[in-house]
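# Structural description and commentary
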Amino acid sequence: MTDTIGSPASDTPMPADGYVGDPAVRAEWDNRYTDRQQLWSGQPNGALVAEAAGLTTGRVLDVGCGEGADAVWLARGGWDVTALEVSGVAMERAAGHARDAGVTVHWVHAALTEAPLPPASFDLVSAQYPALLRTPGAAAERALLAAVAPGGVLLLVHHAGMDTQQAQDSNGFDPADYVWPSMVAALLDDDWEVEVDEQRPRVAPDGGAGAHHTDDVVLRVRRLR
């Protein structure tokens, strides 16, 4: 079973019937992972590696951990990692990679907006190319911000240009349905300091879905209080 936050860590993910969130979303992502033996490159995301380099290690929330490359990299670097994922298939793979690497990760099988996460408790919240659905109340954007502890950092990275893309792609993906860094930035008040808000060339690992994207939008903000 996945442990709850604050209890001894487990490297075994919660079974499917313990999932917290929309079953249709879980099924959609399970299908995507099942279709490929390995969906992503297996290497940590370049923007995370660059932006986390100067941070003091502490508690980190990896939002949408996928097959676990970022979570394993963070744990190896001394972070206390909580990894959140909607796909049970992906989480099984991620847990296996963590076991192989000999690191401990707290696994949470849930959607971000419904996850049982303690508020304002993470020194770093990392969301690398997350597929977070928009809601009228900006639930996902607010959940990202709410997870950050005072003094902590939210790092949100996405593919440049997709937030302005109009047409749906062949998979029926409509960018207008999803959360982009500009939407999170629009919610910031005086409790937050923007440290990075820019477009830059993407440091992309070889292989894996999304490797064709060439530029990132990187938003890094620090919670002051």
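Let me begin by describing the structure that accompanies this report. Every chain is numbered independently, its residues counted from 1 as its sequence is written. Only residues with pLDDT of at least 70 are given local features in this predicted model, and only at 80 or more are side-chain atom pairs given and counted; all residues enter the totals for whole chains, interfaces and linings. Only hydrogens and water are removed before side-chain values are computed, so all heavy atoms of the structure are retained for them.

## Here we look at the pattern of salt bridges
- A carboxyl oxygen of Asp or Glu within 4 Å of a side-chain nitrogen of Lys or Arg is what we treat as a salt bridge. Taken as a whole, this structure holds eight salt bridges when the rule is applied.
- We note a salt bridge from Arg93 to Glu67, for which the minimum N-O separation is 2.8 Å. Of this pair, Arg93 sits in helix H4 (residues 88–101) while Glu67 sits in the loop between strand E1 (59–63) and helix H3 (69–76); the two residues are 26 residues apart in sequence, bridging distant segments of the chain.
- Between buried and exposed lies partly exposed: a residue is buried under 20% and exposed over 50% of the maximum accessible area for its type, with that area taken using a 1.4 Å probe on protein chains only. Judged by relative accessible area, which is 7%, Glu67 ranks as buried.
- Here Arg220 makes a salt bridge to Glu195, at a shortest N to O gap of 2.7 Å. Residue Arg220 is located in strand E7 (residues 215–223), and its partner Glu195 is located in strand E6 (residues 192–201); the two are separated by 25 residues in the primary sequence.
- One network of salt bridges, in which partners are shared, links Glu51, Glu195, Glu198, Arg200, Arg220 and Arg222. Note on conventions: DSSP H or I runs of at least 4 residues are helices, E runs of at least 2 residues are strands, and numbering of each starts at the N terminus.

## Some words on the pairing of strand E2 (residues 80–85)
- Within E2, five of the six residues are buried, leaving the element largely enclosed by the surrounding structure.
- Any two strands with at least two DSSP bridges between them are considered paired. Across five bridges, the pairing between E1 and E2 is parallel. Considered in E2, the bridge of Val60 is made with Val81.
- Taken together, E1, H3 and E2 constitute a β-α-β crossover, and its handedness is right-handed.
- For E2 and strand E3 (residues 106–109), the ladder comprises four bridges, and the chain directions are parallel. Bridge assignment links Ala83 to a residue of E3, and that residue is Trp107.
- Here, the term right-handed applies to a crossover whose path from the first strand over the helix to the second runs clockwise when the strands point away from the viewer. Following the chain from E2 across H4 to the adjacent parallel E3, one finds a crossover that is right-handed.

## Points about the environment of Pro23
- Turning to its location among the elements, Pro23 is positioned in helix H1 (residues 23–34).
- On the basis of relative accessible area, Pro23 is assigned to the partly exposed category, the value being 48%.
- For Pro23 and Ala111, which are 88 residues apart along the polypeptide, the C-alpha to C-alpha distance reads 9.9 Å.

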